[in-house]
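Structure assessment
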Amino acid sequence: MNELKRNKEDNVTDEYIPKIIHIDFTGRCNFSCIHCRGTYSERDLSLEKWKEILASIAGYWGDKIEWIEIGGGEPTLRKEELLSLLQFIKDNFEKAQTLLVTNGWFTTRDYIEKLYSSGLDRVQYSLDGSSAEIHDKIRRVPGSFRKVIYSIVNSLDLGLYTMTRMTVQKLNYTDVENVVHLSQDLGVKEVGIRAIVDVQGNALRYKDQTSLTLDQYEKLILYLPKLQEKYKRIRIYSGDPIQNVVFPSFWYNVSRLISTSNIPLEEIRAGCLVGVAYMFINNEGKVAWCPNAIDFILGDLANGDDVKDIWDNNVFYNRMRKREFVDSGKCSTCPFSNLCMGCRAVARFYEGDIMASDPRCTDTIWQAAMDLMRQFLPR
């Protein structure tokens, strides 16, 4: 879907700048995971074109960008080019930190050292099971569990800030705590746990084998705060916007921000930050909505579109900034929708509009969030 729409007369951009840039450095991968979001073409941009695009971004916001995330596909397939890209980022962005998202297959100890010396700040390894039996079945590559554990250990040993990430689906739904336990025992700093977003790629193709039921999703959302209480030496995060509002620590931070900065609750933005602080660029150099809506195209940087014009004037970005939810949906009346926003990719797929409500937000989840809001923000 091409959504190259502009609305220059009705933007609200003064308070919004992109602080997080995610690029898919390649659409190629040596795996074909059963839950993969990928719907890629093979038309990867050249390294020089990527540098050109990043230079244009730096020209507008070089001192404002906080994170540049490099994913794919599998970005380490472009081994030497990735090192050059990291160095370019360090040379052109004043304070941006870099995060590499990888399956860990090619990250030998020697290569991790090169990544680190080229400017990599953090690495996130996909870890979808606590055993080879589960992980390798999901990843569909024998030996992938052994390889990723080897990479995690080496990254930690070399002093690189190391994270793991688990996509929860039918095959590993009962293995969540084991993955958290393993990650903590290894010494990993953070573990990401997110339910599968089954709207594109293999995740959609193998939906009958991967998708969680609504009941399973609800239980997972409410379970993660309890796991965080149990495993205190590792940070559990999700990436699912709904997850924010059921974590007591999140509401504690919101309450502190309100009390110390006098910022009204309605003006605090969290959860889905597309168009608010986050921009996604696919492997062809096109600005798409996010990794889970990779065909929802907002602009084409590889073919001359101006990145600031897209950021400032795209009508869909501005709908997000103004929270123009579909009137009939839950999000339009939720008192903390600005802290969550729901998953827009899920809303688009299941409800037909990028600004519809996320249908996975159950009454039980909503009530749990309301209880926490009343606890931390008594009126």
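For the structure, check the block above.
Counting restarts for each chain: residues are numbered from 1 in the order of the written sequence. In keeping with the predicted nature of the model, local features appear solely for residues at pLDDT of at least 70, side-chain atom pairs appear and are counted solely at 80 or more, and the whole-chain, interface and lining totals rest on all residues. With hydrogens and water excluded, all non-hydrogen atoms of the structure serve as input to the side-chain values.

With respect to the overall build of the chain
What counts here: To qualify as a helix, a DSSP run of H or I must reach at least 4 residues; to qualify as a strand, a run of E must reach at least 2; elements of each kind are numbered from the N terminus. The reference for a compact globule is 2.2 Å times residues^0.38; the radius of gyration itself is calculated from the C-alpha atoms. Classification of residues uses two cut-offs on accessible area relative to the type maximum, computed with a 1.4 Å probe and protein chains only: under 20% is buried, over 50% is exposed, and between them is partly exposed. Here, residues are in contact when the closest pair of their heavy atoms is within 4.5 Å. Using a 1.4 Å probe, accessible areas were evaluated by the Shrake-Rupley method; residue-level cover was limited to the displayed protein chains. Under the convention used here, Asp and Glu are negative, Lys and Arg are positive, and both His and the chain ends fall outside the count. Charged groups are reduced to one reference atom each: NZ for lysine, CZ for arginine, CG for aspartic acid, CD for glutamic acid.
If you tally the helices and strands in the chain, you get 15 helices and 10 strands. For 379 residues, the compact-globule estimate of 2.2 N^0.38 gives 21 Å, and the chain sits close to it at 20 Å. Its C-alpha atoms put the chain at 55 × 50 × 45 Å along the principal axes. Relative to its full complement of 379 residues, the chain shows a buried share of 57%. When contacts within the chain are restricted to residue pairs at least 6 apart in sequence, long-range pairs at least 24 apart make up 74% of them. With an accessible surface of roughly 15,900 Å², the chain has 49% of that area assigned to carbon and sulfur atoms. Taken as two groups, the 48 positive and 51 negative side-chain charges of the chain have centres that lie 3 Å from each other.

What to know about the packing of helix α6 (residues 176-186) against helix α9 (residues 214-230)
Note the cut-off: Where helices are involved, their axes are fitted lines through C-alpha atoms of the stretch in contact, as for all axes, and angles between N-to-C directions lie from 0 to 180°. Angle categories are assigned with fixed cut-offs, so that under 35 degrees is roughly parallel, over 145 is roughly antiparallel, 65 to 115 is roughly perpendicular, and the rest are oblique. Helix crossings are classified by the rotation of the near helix relative to the far one: an anticlockwise turn of less than a right angle makes the crossing left-handed, while a clockwise turn makes it right-handed. We call Asp, Glu, Lys and Arg charged. Ala, Val, Leu, Ile, Met, Phe, Trp, Tyr, Cys and Pro are nonpolar, and the rest, Gly among them, are polar.
Contact geometry of α6 with α9 gives a least axis separation of 11 Å together with a crossing angle of 30°. In this view, α6 runs roughly parallel relative to α9, as classed from their interaxial angle. Classified by chirality, the crossing of α9 by α6 is right-handed. Each of Val176, Glu177 and Val180 in α6 lies in contact with α9, whose residues at this interface are Leu220, Tyr223, Leu224, Leu227 and Lys230. Residues of the contact of α6 with α9, tallied by class, amount to 6 nonpolar, no polar and 2 charged.

Some thoughts on the sheet that holds strand β2 (residues 67-71)
Our working definition: Pairs of strands are assigned from DSSP output, requiring at least two bridges between the strands.
With respect to topology, 10 strands assemble into an open sheet ordered β7-β6-β5-β4-β3-β2-β1-β8-β9-β10, the strand pairing being mixed. Two strands close off the open sheet at either side, each with one partner strand: β7 (235-237) and β10 (297-300). For this sheet, the mean angle separating the axes of adjacent strands, direction not counted, is 25°. Relative to β7, strand β6 (residues 190-195) runs parallel, the two being bridged by 3 bridges. Counted as the bridge partner of Val191 is Ile236 from β7. Packing of α6 onto the sheet brings it into contact with β5 (161-168), β6 and β7, and relative to β6 it is tilted by some 165°.

Details of the environment of Lys79
When you line up the elements, Lys79 lands in helix α2 (residues 79-92). Here the alpha-carbon distance between Lys79 and Phe106, two residues 27 residues apart in the chain, equals 8.6 Å.

So, the environment of Gln375
Tracing the chain through its elements places Gln375 in helix α15 (residues 363-376). Residue Gln375 is classed as exposed on the basis of its relative accessible area, which comes to 55%. With 124 residues separating them along the chain, Gln375 and Trp251 place their C-alpha atoms 8.8 Å apart.

Describing the pattern of salt bridges
Where we set the bar: Salt bridges are counted wherever a side-chain nitrogen of Lys or Arg sits within 4 Å of a carboxyl oxygen of Asp or Glu.
In total, this model carries 26 salt bridges according to the counting rule given. The salt bridge partner of Asp157 is Arg109, with a shortest N-O separation of 2.6 Å. With Asp157 in helix α5 (residues 144-157) and Arg109 in helix α3 (residues 109-117), this pair connects stretches of sequence that are 48 residues apart. Given the relative accessible area of 31%, Arg109 is considered partly exposed. A salt bridge links Glu177 to Lys230; its shortest N-O distance comes to 2.5 Å. One end of the pair, Glu177, is in helix α6; the other, Lys230, is in helix α9, with 53 residues separating them in the sequence. Taking the relative accessible area as the measure of exposure, Lys230 reaches 55% and is therefore exposed. Salt bridges sharing partners connect three or more residues here, namely Arg43, Glu284 and Lys286.

Remarks on the packing of helix α11 (residues 248-261) against α15
Relative to each other, α11 and α15 sit at 40°, their axes nearing to 9 Å. Our classification of the angle between α11 and α15 gives oblique. α11 and α15 meet at a crossing whose hand is right-handed. Where α11 approaches α15, its residues Pro248, Trp251, Tyr252 and Ser255 are matched on the opposing element by Ala369, Leu372, Met373 and Phe376. Here the residues of the contact of α11 with α15 sort into 7 nonpolar, 1 polar and no charged.

Quick look at α5
The following threshold applies: Expected span of a helix: the number of residues minus one, times 1.5 Å.
Between its terminal C-alpha atoms α5 stretches 20 Å, which fits the 20 Å expected from 14 residues at 1.5 Å a residue. Tucked inside the fold, the buried residues of α5 contact α3, β4 (122-126), α4 (132-139), β5 and α6. Looking one or two residues past α5, Gly159 carries a phi angle of roughly 90°, positive in sign.

Concerning the state of the cysteines
Selection rule: Any two cysteine sulfur atoms lying within 2.5 Å of each other are counted as a disulfide.
Within this structure, the stated rule accounts for 0 disulfides. This cysteine, Cys361, is not joined by any disulfide, and Cys340 carries the nearest cysteine sulfur, 6.4 Å off.

Remarks on the packing of aromatic side chains
Test applied: Only Phe, Tyr and Trp rings take part, Trp by its six-membered ring, and two of them pair if their centres are within 6.5 Å. Stacked means planes under 30 degrees apart, edge-to-face means over 60, and tilted covers everything else. For a lysine, the NZ atom is tested; for an arginine, the CZ atom; a charge sits over a ring if that atom is within 6 Å of the ring centre and within 35 degrees of the ring normal.
Per the counting criterion, the structure on display carries 11 aromatic pairs. Arranged with centres 6.3 Å apart and planes meeting at 45°, the rings of Trp289 and Tyr317 form a pair that is tilted. Of this pair, Trp289 sits in the loop between β9 (286-288) and β10 while Tyr317 is found in helix α13 (residues 315-321), placing the two residues 28 residues apart along the sequence. Summarising the burial analysis for this pair, Trp289 and Tyr317 share the class buried. When the centroid spacing of 4.9 Å and the interplanar angle of 80° are considered together, the rings of Phe349 and Tyr350 count as edge-to-face. A relative accessible area of 39% places Tyr350 in the partly exposed class. Through pairs of rings, three or more aromatic residues link up here, namely Tyr60, Trp61, Trp289, Phe296, Trp311, Phe316 and Tyr317. Sitting above the plane of the Phe25 ring, Arg78 keeps its charged end 4.1 Å from the centroid.

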